[in-house]
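# A look at the structure
Spelled out, the chains give:
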Amino acid sequence: MNTTRILHRNQTATTVVRYGLMSLLALIFLFPIVFMVISSLKPDLQIMQDSSSFRAFLPVGDISFDNYAETFVRAPTGRFIFNSILTTALTVVLGLLVNSMAGFSLAIPRWRGRGLVLTLIIATLIVPFETIAIPLLLIVSRLPTIGLDGITQGWLNTYHVQVIPFVANAFSIFLFVQFFKSLPQELVEAARIDGASWFQIFANVMVPLSGPVFATVTILTFLPMWNAYLWPIMVVQIEEFRPVMVGLQYFFQLNVAWGEVMAYLTIITLPVLVMFLALQRAFIESIASTGIKG
Amino acid sequence: MTALDTSARTQANHTHDQSGQSARFWESLAGWLMASPAITLLLLFMIVPFIMAFGLAFTNQRLISPNPTEFVGLRNFERLLTVRLLVLQPVVDPATGVAVLDEEGQTTYPAVRTYTRNNPEYPQFDGLQEWTTWSWGDDKLVWLAGDAVFMKSLFNTLFFTVVVVPLQGSLGLLLALIINQRTAGVNIFRTIYFMPVVVSMVVVSILWRFIYDGQNGLLNNILGAVTLGNFQPVDWLGNPSTAMWAVIGMSIWQAVGFHMVIWLAGLQTIPGVLYEAAAVEGAGAWDQFVHVTWPGLRNTAVFILVTITMAAFGLFTQINVMTRGGPLDSTTTLVFQAVQKGFEKQDIAYGSAISVVFFALVLVVALIQRFVTREQGE
């Protein structure tokens, strides 16, 4: 503490030390990601050789996109990406619809049991997914699927098993309730007098004002869905329906080609990182909003 | 006459309130209808499986089985939670009364399996597994458990939590304090520190497997370079004494940016006037932290400790990708065991019993949080 006090008298020294420290920390947080992107451009042998020097973090030597081309040969990478985009997009869109309606219903119209339902929904927030995963596996393995070929038993190895259990989300509902309650209630009364139905009030009055909460819920649904792992490894055993994180297993069968692994990791990570960097304020605020619920 | 009177009055009231009552009816109906998709889905995929976890834990349910499911009472929990102590005394030669030594001159002990395999004199040890062994003078204290791997999972999970919670919480606060300045470029650093949070834990685990590699790993190479070659390479994930620490280091690296952001939000609620007043009174940086910053962060601190604890209890992805519980069960965890038993071995009942134990831990933490925040509120 003495050192800090002495430094405090000297503004320039403090600034230099602070920026030095911040930069060192930045290196610690960045180096694995930089290493991933750089290695994805190199042949395996060079990755191994470079790992003992600073060259591991520099795009030098035999640089090419060969590993990227190879990832699509070794595994149905395109299919995995399509599957993840589909299940993520469906969950986000259906989730926004179902949860915003529920949030509106629990915030604005008055009906018997509303308080109880809201309390129950908030109470489920302390139940971690890991607690219900095993019984849920049993449930979905017994549910009927109605398809083109009639009714089959079990939801295993489908798209909807990756989507439907995650559409309704207690925390999203909670965020919508909070937001709708914060809007001026005169808007609702005015619309009532004009003869608008409750659904019209929701769709035409509230939703157009709710951009921020829709953005937050989108980000909070998108990230865990794109990164989903525990649930898909249990319910999807065939490659046709596998999402990107489970598809990674293909690169660890037989001999591991690290260059291809790094290329695959980059392919599935870079879109998220680019989105994060483009919308970083929204991302950070959304994720931080999970911290304000207490 | 009176009856007619009442009926007439009701009639009048009815006409008067008709519009109001029907409006209230439509309001209720709209409310129920708009909430019902979410309620149905939450019931089916959240509440029902949650209740089922408790029910299934008392059965022998399997994912696929030709036999009907049976109620087995507490059998699953007995197997999970039975712990017994077996004290082994050195083997003594009955003729001389001297301890029998092995070829290397070490004291010998009777084999544990002579107690746990069909020994009618020790029915309480029957079928138990060796969990861990301590030395006590010349004696050996052998802890036996109904399911030794589960006990290891429970203790590994608690160990991980006890280390990660204070470490990640304080590092997050440190980052927040460093970054909580109005100087140029601070936003860039905040973004960089936060970046690993949006990267999938699966991706992070694979990357760190490479970093922790015993031969070409970046960590060994960096440590070798820093110590000018005086560092002996370590197989971080392949060694039972370092594997859990390696998982801890990586987990903190991935998640600490999240807690930094929450600490930052907490810091920004503290009025600047308080710092100005403290500065006028001549308080140094440390005094300001102790008397202004820390008291203002109490709620944030409780929230952060609870969220890290809950996340730490759920440790799974890193384990499944990096170590599969090994080496020698040194990194196996509760959720990893629940998935191993419930999914890979298809023993839904036993996996559910593990989930119930897991939830009990979560509930204890949630109740402690309730207690701490309520006490503060009054």
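Residues numbered from 1 in each chain as written. Chains lettered and ligands numbered in written order. Predicted model: local features only at pLDDT ≥ 70, side-chain atom pairs only at ≥ 80, totals over all residues.

This next bit is on the overall build of chain B. Scanning chain B from terminus to terminus reveals 14 helices and 3 strands. Taking 2.2 N^0.38 as the reference for a compact globule, 378 residues should give roughly 21 Å; the C-alpha atoms of chain B span a radius of gyration of 30 Å, well beyond that estimate. Looking at chain B as a whole, 35% of its 378 residues are labelled buried. (Helix = DSSP H or I, 4+ residues; strand = E, 2+ residues; numbered from the N terminus. Rg over C-alpha atoms; globule rule 2.2 N^0.38 Å. Buried ≥ 20, exposed ≤ 12 C-beta atoms within 10 Å, placed from the backbone.)

This paragraph deals with the domain arrangement of chain B. Along its sequence, chain B is carved into domain 1 (83-145) and domain 2 (149-377). For domain 1 of chain B versus domain 2 of chain B, the distance between C-alpha centres works out to 40 Å. (Domains from an automatic or database assignment.)

Another point: the domain arrangement of chain A. When cut into domains, chain A gives domain 1 (2-68) and domain 2 (76-253). Each of domain 1 of chain A and domain 2 of chain A has a C-alpha centre, and the two are 39 Å apart.

Turning our eyes to something else, we now look at the sheet that holds strand 2 (residues 129-136) of chain B. Residue and element names in this part refer to chain B. Taken in spatial order, the 3 strands line up as 1-3-2 in an open sheet, and their pairing is antiparallel. Only two strands of the sheet have a single partner each, and these edge strands are strand 1 (83-88) and strand 2. For this sheet the average axis-to-axis angle between neighbouring strands, irrespective of direction, equals 25°. Note: strand 1 against strand 3 (residues 139-145), 6 bridges, orientation antiparallel. Residue pairing for strand 3: Leu 88 is matched across the bridge by Lys 140. (Pairing = 2+ DSSP bridges. Axes fitted to C-alpha atoms, helices over the stretch in contact; angles between N-to-C directions.)

Our next topic: the interface of chain B and chain A. Chain B puts 71 residues into the contact, and the matching count from chain A is 78 residues. Counting residues per element, the side of chain B that touches chain A draws most heavily on helix 1 (residues 2-56) of chain B, which supplies 21 residues. For the side of chain B that touches chain A, a count of residues per class yields 55 nonpolar, 15 polar and 1 charged. (Contact = placed C-beta atoms within 7 Å. Nonpolar A, V, L, I, M, F, W, Y, C, P; charged D, E, K, R; others polar.)

In terms of nonpolar packing, the biggest core is built from 162 residues, with Phe 104 and Leu 265 of chain A together with Ala 38, Leu 207, Met 260 and Ile 354 of chain B touching the most fellow members. No other element matches helix 8 (residues 243-267) of chain B, which puts 14 residues into this core. With sequence-adjacent residues up to four places away left out, Met 260 of chain B is seen in contact with Gly 172, Leu 175, Ala 176, Ile 179 and Tyr 193 of chain B. (Core = buried A, V, L, I, M, F, W, Y, C linked by C-beta atoms within 7 Å.)

Our next topic: the packing of helix 9 (residues 170-182) of chain A against helix 12 (residues 211-226) of chain A. All names here are of chain A. Where helix 9 meets helix 12, the closest approach of the two axes is 10 Å, and the angle between their N-to-C directions is 170°. In terms of axis orientation, helix 9 runs roughly antiparallel to helix 12. Facing Ser 172, Leu 175, Phe 176 and Phe 179 of helix 9, the residues of helix 12 in contact are Val 213, Thr 216, Val 217, Leu 220 and Thr 221. Split by residue class, the contact of helix 9 with helix 12 holds 6 nonpolar, 3 polar and no charged. (Parallel < 35°, antiparallel > 145°, perpendicular 65-115°, else oblique.)

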